[in-house]
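# Working through the structure, step by step
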Amino acid sequence: MEIIEQVKTESVPKNIPMDLGHVKISVQDLSAFFGKTKVIKNVSIDIPEKKVLAIIGPSGCGKSTFLRSINRMHEVARGTITGKIIIDDEDVMKIDPVYLRRKIGMVFQKPNPFPTMSVFNNVVAGLKLNGFRNRKALKEIVEKTLKQAALWDEVKDMLNKSGAALSGGQQQRLCIARTIAVNPEVILMDEPASALDPISTAKIEELIFELKKDYTIVIVTHNMQQAARVSDYTAFFYMGELVEFNDTKKMFTAPSKKQTEDYITGRFG
Amino acid sequence: MEIVKESDTHKKLQDYFRKSREKAGASRKTFLTKILGNNNLGDIFFERLTLLFAVLVFLLIIFMGWEMYSHSILSIRKFGWGFITSTTWDPYSQVFGALPMIYGTLVSSFLGLIIAVPLGIGVAIFLAELAPSWLEKPLSFLTELLAGIPSVIYGLWGIFVLVPWLRDTVEPFLQNEFPNSFLFQGAPYGFGMLAAAIILSIMVLPIISSISRDILKSVPNSQREAAYALGATKWEVTKIILSYAKSGLLGAVILGLGRAIGETMAVTMVIGNRPQISTSLLDPGYTMASLIANEFTEAASELYLNSLIELALVLFVITIIINIFARLLVWSTERKWKLSPI
Ligand SMILES: Nc1ncnc2c1ncn2[C@@H]1O[C@H](COP(=O)(O)OP(=O)(O)OP(=O)(O)O)[C@@H](O)[C@H]1O
Ligand SMILES: [Mg+2]
């Protein structure tokens, strides 16, 4: 039934057949709306498990909206979607968003630590929401996640300082630590390094490389080199449509669509 | 082709900037600049002007305090500190002690706040975080409308609706339920501390709720998103937002307190106007503002008049102390994290 529906829709891109391995999230004929404006147009894509999928495309083409509909954050901005997003055989629209978002973590473009909480409490904010209170275990988790986020050495002596007392790059890594502390299965990143200097950016890219051993990662980026460096697969969006979804190497060496080529070579966008 | 065009605009821009700089240079030679010194006339002028206003406000406060002090010198000499520690206010025998009014002012205001703060912040949370937008606008408008009603109308409503209701229903009920509580002793007149507290709470509610709503709305959306993305429920998100906004909310509460302490008309209409201290909420009391308003025209002797002005001075000083204290409190909650680079 579903397959037939999918084939019927015109704008489903004819993807290059690829071996994606195990599919973690399957997006089927997704459209997203703000009011009556359709900002995502019938997108279908399979997101492979424990790989990095990069999403590229010009500003305003719907990358963030696409990303947010995966963990239903579009609802916070009062958007609506049609179509289906399946994670591990479950329809996300049928999962309680609170539970869903604990399974699918998110890192935002602008670092947004909680300024009223200490560095320590920022890291475990999600765990505390879950009712987790064991101080000793929390300490271990804080150390482990901060090390994972390549931040431990820089903040280990200021765990009691406000989360806002860190530099921008440190704040972003703190936000990443906060996201992975709850041990999600998927991490969505919306231009996580766009506000950072080259060194912090490099650290975050290394981090993504480490994280994909355990997590499925979807990252939105405006930086072509970054997409090429960190991702296994790349999806190119244009005006709300998925133009091309390809193996990253192929995408950047031999894109199959003229539009993609124009975009990644910087001819428009 | 295009490059030529671009450099054309560029040149025009440069010309424009050069000209405007020359203009500014010309104006530098006016005599005002000589007085004011520095190079940018507008900025300096603006800075000095605003500084002048700030100093004026400060001077005005000092001046008012000094005026009140000098006009109450008779009672200050006669009663000393006894003025604020004595409980007898008896114009007939020329004995003036302000403690019952100080007590009445503080207690009625604090009780009013105890009712108004949870309600007001609750309304603000609803308006800022939960209400759908079609409901938010009219509701916000209505709460702000409450703030614009003249206080004498609240007073009338108090006399004709609130007081009878308290006298016939609420107060007998409270006395029945808690027969031994020191809070509910004495005859249920309706007029009294409880009525004043309720009136005050209704009057400060719109202030607290509308300011708190603005403060909650000004919390960056990224905070909400961060919390939601961690899998927070609506209530948990609200808690995080409240903690982010707490110094602002504290400010809103203080503004409400200021309003309650100074409120005169509505309170005097329902509090019973008796200069006494009673722990019972059902008993009548008096506030500084109402006593001044009620007795000012009757003050026949110099000492009486001086005592009333000293009472005003006490009210003035208490207001200032509360405001300073509140500022410190707001600062101390802000200071912890406002130093952040982003
Ligand atoms: N909360 C919102 N309300 C209404 N329209 C929105 C909202 N958020 C996004 N849009 C619209 O949806 C479209 C896609 O926006 P989106 O943020 O997904 O773009 P993007 O690809 O992430 O852009 P950028 O690269 O600049 O971040 C835009 O046209 C935008 O105007
Ligand atoms: Mg975006």
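One can find the structure itself at the top, above this paragraph.
Residues numbered from 1 in each chain as written. Chains lettered and ligands numbered in written order. Predicted model: local features only at pLDDT ≥ 70, side-chain atom pairs only at ≥ 80, totals over all residues. Heavy atoms only, no water.

Further remarks concern the overall build of chain A. A tally of helices and strands in chain A yields twelve helices and ten strands. Computed over C-alpha atoms, the radius of gyration of chain A comes to 19 Å, within 12% of the 18 Å expected from 2.2 N^0.38 for 269 residues, which places it in the range of a compact globule. Along the longest, intermediate and shortest principal axes, the C-alpha atoms of chain A span 55 × 40 × 35 Å. Of all 269 residues assigned to chain A, the portion counted as buried reaches 56%. Considering only contacts in chain A between residues 6 or more positions apart, those separated by 24 or more positions represent 67%. (Helix = DSSP H or I, 4+ residues; strand = E, 2+ residues; numbered from the N terminus. Rg over C-alpha atoms; globule rule 2.2 N^0.38 Å. Buried < 20%, exposed > 50% of the residue type's maximum accessible area, 1.4 Å probe, protein only. Contact = heavy atoms within 4.5 Å.)

For Ala124(B), the location among the structural elements is in helix 6 (residues 99–130). Here the alpha-carbon distance between Ala124(B) and Glu295(B), two residues 171 residues apart in the chain, equals 39 Å.

This part is about the sheet that holds strand 1 (residues 23–34) of chain A. Residue and element names in this part refer to chain A. The strand order across the open sheet built from four strands is 2-1-4-5, with neighbouring strands paired in antiparallel fashion. Only two strands of the sheet have a single neighbouring strand rather than two, namely strand 2 (37–48) and strand 5 (90–91). In this sheet, strand 5 lies alongside strand 4 (residues 80–87) in antiparallel orientation, the contact comprising two bridges. Paired with Ile87 across the two strands is Glu90, which belongs to strand 5. (Pairing = 2+ DSSP bridges.)

With that out of the way, let us pick up the packing of helix 8 (residues 151–177) of chain B against helix 9 (residues 193–217) of chain B. Think of two packed helices as two axes; the pair is described by the angle between the axes and how far apart they sit. Residue and element names in this part refer to chain B. Following both chains from N to C, one finds helix 8 and helix 9 inclined at 130°, their axes separated by 9 Å at the closest point. Relative to helix 9, helix 8 is oriented oblique. In this structure, the crossing between helix 8 and helix 9 has a hand that is right-handed. Within the contact between the two elements, helix 8 uses Ser151, Tyr154, Trp157, Gly158, Leu162, Val163, Leu166, Glu171 and Leu174 and helix 9 uses Leu194, Ala195, Ile198, Ile199, Ile202 and Met203. When grouped by side-chain class, the residues that make up the contact of helix 8 with helix 9 number twelve nonpolar, two polar and one charged. (Axes fitted to C-alpha atoms, helices over the stretch in contact; angles between N-to-C directions. Parallel < 35°, antiparallel > 145°, perpendicular 65-115°, else oblique. Left-handed = near helix turned anticlockwise from the far one by under 90°. Nonpolar A, V, L, I, M, F, W, Y, C, P; charged D, E, K, R; others polar.)

Moving on: helix 9 of chain B. Residue and element names in this part refer to chain B. The first and last C-alpha atoms of helix 9 sit 35 Å apart over 25 residues, in line with the 36 Å expected at 1.5 Å per residue. For helix 9, the principal kink sits at Val204 and spans about 35°; a proline, Pro206, occurs within the next four residues. Buried residues dominate helix 9, accounting for 21 of its 25 residues. (Expected span 1.5 Å × (residues − 1). Bend = angle between axes of the 7 residues up to and from the residue.)

Residues and elements named next belong to chain A. Ordered by their spatial adjacency, six strands build an open sheet running 6-7-8-3-9-10, and the pairing between neighbours is mixed. Each edge of the open sheet carries a strand with a single partner, namely strand 6 (104–107) and strand 10 (241–247). Between one strand and the next, the sheet's axes are offset by a mean angle of 15°, whatever the strand orientation. Pairing of strand 3 (residues 52–56) with strand 9 (residues 233–238) involves four bridges; the strand directions are parallel. Its bridge partner lying in strand 9, Leu53 is registered against Tyr233. On the sheet, helix 8 (residues 168–181) packs against strand 6 and strand 7 (186–190) and is oriented at approximately 175° with respect to strand 6.

Here we come to the interface of chain A and chain B. Taken residue by residue, the interface counts 28 residues in chain A and 23 residues in chain B. Between chain A and chain B, a total of about 2100 Å² is buried, with carbon and sulfur atoms accounting for 66% of that surface. Among the residues chain A hides against chain B, the three largest losses belong to Phe114(A), Thr116(A) and Leu129(A). Together they make up 27% of the total. The tally of links between chain A and chain B comes to two salt bridges. Across the pair Glu236(B) and Arg102(A) runs a salt bridge whose closest N-O atoms are separated by 3.8 Å. Inspection of the region where chain A meets chain B yields five residue pairs in polar contact (both at pLDDT 80 or more). When contributions to the side of chain A that touches chain B are tallied by element, the ones reaching two or more residues are helix 3 (97–103), strand 6, helix 5 (125–129) and helix 8 of chain A. For the side of chain A that touches chain B, the class distribution of residues is 16 nonpolar, seven polar and five charged. (Buried area = accessible area lost by both parts, 1.4 Å probe. Salt bridge = Lys/Arg side-chain N within 4 Å of Asp/Glu carboxyl O. Polar contact = N/O pair within 3.5 Å; in protein donor to acceptor, adjacent residues only side chain to side chain.)

All we've got here are geometric facts, nothing functional implied.
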